[in-house]
2 protein chains.
Amino acid sequence: MEIKLAKSYGFCFGVKRAINIAENTKDASTVGPLIHNNEEINRLQTNFNVNTLKDENDIEGVKRAIIRTHGITKNGLLTLQNSDTKIINATCPFVTKPQMICENMSEEGYDVVIFGDKNHPEVKSVQSYAKNGAKVVLTVPDLKALKLGKKIAIVSQTTRKIEEFLLLTDYLVRNFKEVRVFNTICNATFENQDAAKELAKEADVMVVIGGKNSSNTKQLFSISKEYCNDSFLIENEKELKKEWFENKNLCGITAGASTPDWIIEKVIGKISKIKV
Amino acid sequence: MEIKLAKSYGFCFGVKRAINIAENTKDASTVGPLIHNNEEINRLQTNFNVNTLKDENDIEGVKRAIIRTHGITKNGLLTLQNSDTKIINATCPFVTKPQMICENMSEEGYDVVIFGDKNHPEVKSVQSYAKNGAKVVLTVPDLKALKLGKKIAIVSQTTRKIEEFLLLTDYLVRNFKEVRVFNTICNATFENQDAAKELAKEADVMVVIGGKNSSNTKQLFSISKEYCNDSFLIENEKELKKEWFENKNLCGITAGASTPDWIIEKVIGKISKIKV
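All names here are of chain A. Look at helix α4 (residues 93-107): 21 Å from first C-alpha to last across 15 residues, which is about the 21 Å you get at 1.5 Å a residue. Those residues of α4 that sit buried are Val 95, Pro 98, Gln 99, Ile 101, Cys 102, Glu 103, Met 105 and Ser 106. In this fold, the buried residues of α4 make contact with α3 (74-81), β6 (111-115), α5 (121-127), β8 (151-156) and β9 (178-182). Positioned one or two residues after α4, Gly 109 has a phi angle of 90°, which is positive.

Printed below as a string of structure tokens:
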């Protein structure tokens, strides 16, 4: 069986940057998990003594607090700033941008809509920057249920599908006189998604590696599944099952933006040993 | 054969307003044809002595100049303002709006895109308000061919189809970080279009009445044709052909936003006398 990696996969710019910051900051704790990948969090803890705090109220005695890639709420940041803890901000610049858009647009009197998962820490952090509360939606029915003014601004969670974002912007353009659309979907997400789609089209079986609570990994899995029915989402090589690969000729592999290369290598190593 | 009028058809607010102004202004000439309907222009000339000028340079000795529904270029307006002629502005307020958007957005440093026909007087008038020249496009390939900056604003000719506008805004949202979308398509156009579509679905033959150089009439015809293959575009009852109605049960009728009721009535009168 041939094993083929997607043309683009794994760590994005923001995650590489955050891990680099964590590895190079002594006695640091992250406010919430640094990235959505438990294996990498464990590695940082074991090798670099990077601890994970529950939230911004959990900093008693903490010397250095690293703000994770997804960002933190405006009030959370204020709590940290008023403490004695030194703050190192590893918020991805692609998340800082929608935070600022949300703040500016709400100040300019726009009703701000965020396309994303209202429970996701990135969305919570972006939403917290809107003056009078931004509305978070996932679907057109969600949008329809909102009471909105005449001037609308919309941003997206960085890891969302552009096609789903366009369903929302189409609805808004149809129904409102002015819509300011900020495409804050991250290019890295696009590239991994496009590559996953291309690979899934030709693969007999697809293995998607990433955290099961990672939004972008779930998106990759959903895209893979669309083009290759035998798609499987795993966090590490231990979850691989021999029967997935029976009678398959081409195994495609991709990984979420928070999946480190060393996990991907372990998965490939184990698959290559499976006799089918 | 049954004859059925579309639920919404004919004169829009802006046209009704302009005709009312023309009928009530003594010794007036319009700068270019007041609306896109020759029959109505002739009626205004005969009954109200409303003359039609070639353009804004043709005002020697003219007492009162009426600016037509489609508006006039910014320079054209300046020429008129510097003359001795009194100006009566019958520009549709729904055209004044994209003019202002075009001016403001270009002043704010946005690259302005206009969805429309570059030879249409409305589009020319809107375009003239952009400081550094707005780009006029009809299709996504037109858009792709443009060199655009990072910040884009897009407006539409009032009489365009929303579905085609969305193709353009989708392309822009996919490819640019910030897009300001101003849906300047007129509701009246929407309503006439929706009603034409509904009627064309059930009709065996559709008669669309309006100026053959009228953008919104051509749109109505194209929508009718999509749902009812036997659709015909006519300017007046003289163009009706008996064979269109042979073996038909339901004749649908709609009319463009510049088509006066008295023309529609004549058409219905003639069709109702056709024996099929």
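Here we come to the sheet that holds strand β2 (residues 28-31) of chain B. Residues and elements named next belong to chain B. Spatial ordering of the open sheet is given by β3-β2-β4-β5, a layout of four strands whose pairing is parallel. At either end of the open sheet lies a strand with only one pairing partner, and these are β3 (51-53) and β5 (86-89). The mean inter-strand angle of the sheet, taken between neighbouring strand axes irrespective of direction, is 35°. For β2 and β3, the ladder comprises three bridges, and the chain directions are parallel. For Ser 29, the partnering residue across the bridge sits in β3 and is Asn 51.

Let us look at the side chain of A:Glu40. All names here are of chain A. Within the fold, Glu 40 resides in helix α2 (residues 38-48). A distance of 2.9 Å separates polar atoms of two side chains, one belonging to Glu 40 and the other to Trp 262. Beyond its immediate chain neighbours, meaning those up to four positions away, Glu 40 contacts Phe 11, Ile 19, Ile 35, Pro 260 and Trp 262.

The subject of this paragraph is the relation of the copies chain B and chain A. Between chain B and chain A, the superposition needs a rotation of 180° and an axial shift of 0.1 Å, giving an RMSD of 0.0 Å. The relationship between the two copies is best expressed as a two-fold rotation axis. Across chain B, the rotation axis passes nearest the C-alpha of B:Arg180, at a separation of 2.2 Å. The fraction of interface residues of chain B whose copies in chain A are also interface residues reaches 100%, indicating that both copies meet through the same surface.

What follows covers the interface of chain B and chain A. At the junction of the two partners, chain B supplies 20 residues and chain A supplies 20 residues. Interface area, chain B with chain A, both sides summed: about 1,800 Å², of which 45% is carbon and sulfur. Summed over the three residues of chain B that lose the most area to chain A, namely B:Val173, B:Arg174 and B:Lys177, the buried surface amounts to 34% of that side. Counting the contacts that link chain B with chain A gives four salt bridges. Linking A:Arg174 and B:Glu163 is a salt bridge whose minimum nitrogen-to-oxygen distance equals 3.3 Å. Seen at the junction of chain B and chain A, the total is twelve residue pairs in polar contact (both at pLDDT 80 or more). At the level of secondary structure, the elements contributing two or more residues to the side of chain B that touches chain A comprise α7 (162-175) and β9 (178-182) of chain B. For the side of chain B that touches chain A, the element with the highest residue contribution is α7(B), accounting for eight residues. Among the residues making up the side of chain B that touches chain A, the classes are represented as ten nonpolar, three polar and seven charged.

Let us look at the sheet that holds strand β5 (residues 86-89) of chain A. Residue and element names in this part refer to chain A. One open sheet accounts for four strands, arranged β3-β2-β4-β5; its pairing is parallel. A strand with exactly one partner marks an edge of an open sheet, and here the two such strands are β3 (51-53) and β5. Neighbour to neighbour, the strand axes of the sheet diverge by 35° on average, direction disregarded. The sheet contact formed by strand β4 (residues 64-67) and β5 spans four bridges and is parallel.

Our focus in this paragraph is the packing of helix α1 (residues 13-23) of chain B against helix α2 (residues 38-48) of chain B. All names here are of chain B. Where α1 meets α2, the axes come as close as 10 Å, and the angle between the chain directions of the two elements is 20°. When the axis of α1 is compared with that of α2, the two are roughly parallel. Handedness of the crossing formed by α1 with α2: right-handed. Mapping the contact onto sequence places Ile 19, Ala 22 and Glu 23 in α1 and Glu 40, Arg 43, Leu 44 and Phe 48 in α2.

All names here are of chain A. Examined against the element boundaries, Thr 184 turns out to sit in the loop between β9 and α8 (187-202). Accessibility expressed as a relative area gives 7% for Thr 184, which makes it buried. Separated by 2.6 Å, the side chain of Thr 184 and the backbone oxygen of Ser 156 make a polar contact.

Another point: the pairing of strand β10 (residues 205-209) of chain B. All names here are of chain B. Where burial is concerned, most of β10 is hidden: five out of the five residues are buried. The alternating pattern of β10 places Val 205, Val 207 and Ile 209 and Met 206 and Val 208 on opposite faces, both of which are buried. With five bridges joining them, β10 and strand β12 (residues 250-255) adopt parallel strand pairing. Within β12, the position partnered with Met 206 by the bridge is Gly 252. Both β10 and strand β11 (residues 231-234) contribute to a ladder of four bridges, which runs parallel. Bridged to Met 206 within β11 is Ser 231. Regarding topology, helix α9 (residues 215-227) serves as the crossover connection from β10 to the parallel β11, and that connection is right-handed.

All names here are of chain A. Even without being a glycine, Asn 49 presents a positive backbone phi close to 55°. With respect to the element layout, Asn 49 can be found in the loop between α2 and β3. With a phi angle near 60°, Asn 247 is a residue other than glycine that sits in the positive phi range. Under the relative-accessibility criterion, Asn 247 is labelled exposed at 76%.

What follows covers the packing of aromatic side chains. One pass over the structure, following the stated rule, counts eight aromatic pairs over all chains. Their ring planes at 20° and their centres at 6.0 Å tell us that A:Phe115 and A:Phe165 sit as a pair that is stacked. With A:Phe115 in strand β6 and A:Phe165 in helix α7 (residues 162-175), this pair connects stretches of sequence that are 50 residues apart. For A:Phe115, a relative accessible area of 0% corresponds to the buried category. Since its relative accessible area comes to 0%, A:Phe165 is described here as buried. Here B:Phe232 and B:Trp244 contribute two aromatic rings whose centre-to-centre distance is 4.1 Å and whose plane-to-plane angle is 5°, an arrangement assigned as stacked.

So, how was this worked out
- Residues numbered from 1 in each chain as written.
- Chains lettered and ligands numbered in written order.
- Predicted model: local features only at pLDDT ≥ 70, side-chain atom pairs only at ≥ 80, totals over all residues.
- Heavy atoms only, no water.
- Helix = DSSP H or I, 4+ residues; strand = E, 2+ residues; numbered from the N terminus.
- Expected span 1.5 Å × (residues − 1).
- Buried < 20%, exposed > 50% of the residue type's maximum accessible area, 1.4 Å probe, protein only.
- Contact = heavy atoms within 4.5 Å.
- Pairing = 2+ DSSP bridges.
- Axes fitted to C-alpha atoms, helices over the stretch in contact; angles between N-to-C directions.
- Polar contact = N/O pair within 3.5 Å; in protein donor to acceptor, adjacent residues only side chain to side chain.
- Least-squares fit on C-alpha atoms with pLDDT ≥ 70 in both.
- Buried area = accessible area lost by both parts, 1.4 Å probe.
- Salt bridge = Lys/Arg side-chain N within 4 Å of Asp/Glu carboxyl O.
- Nonpolar A, V, L, I, M, F, W, Y, C, P; charged D, E, K, R; others polar.
- Parallel < 35°, antiparallel > 145°, perpendicular 65-115°, else oblique.
- Left-handed = near helix turned anticlockwise from the far one by under 90°.
- Right-handed = clockwise from strand over helix to strand, strands pointing away.
- Phe/Tyr/Trp six-rings, centres within 6.5 Å; stacked < 30°, edge-to-face > 60°.

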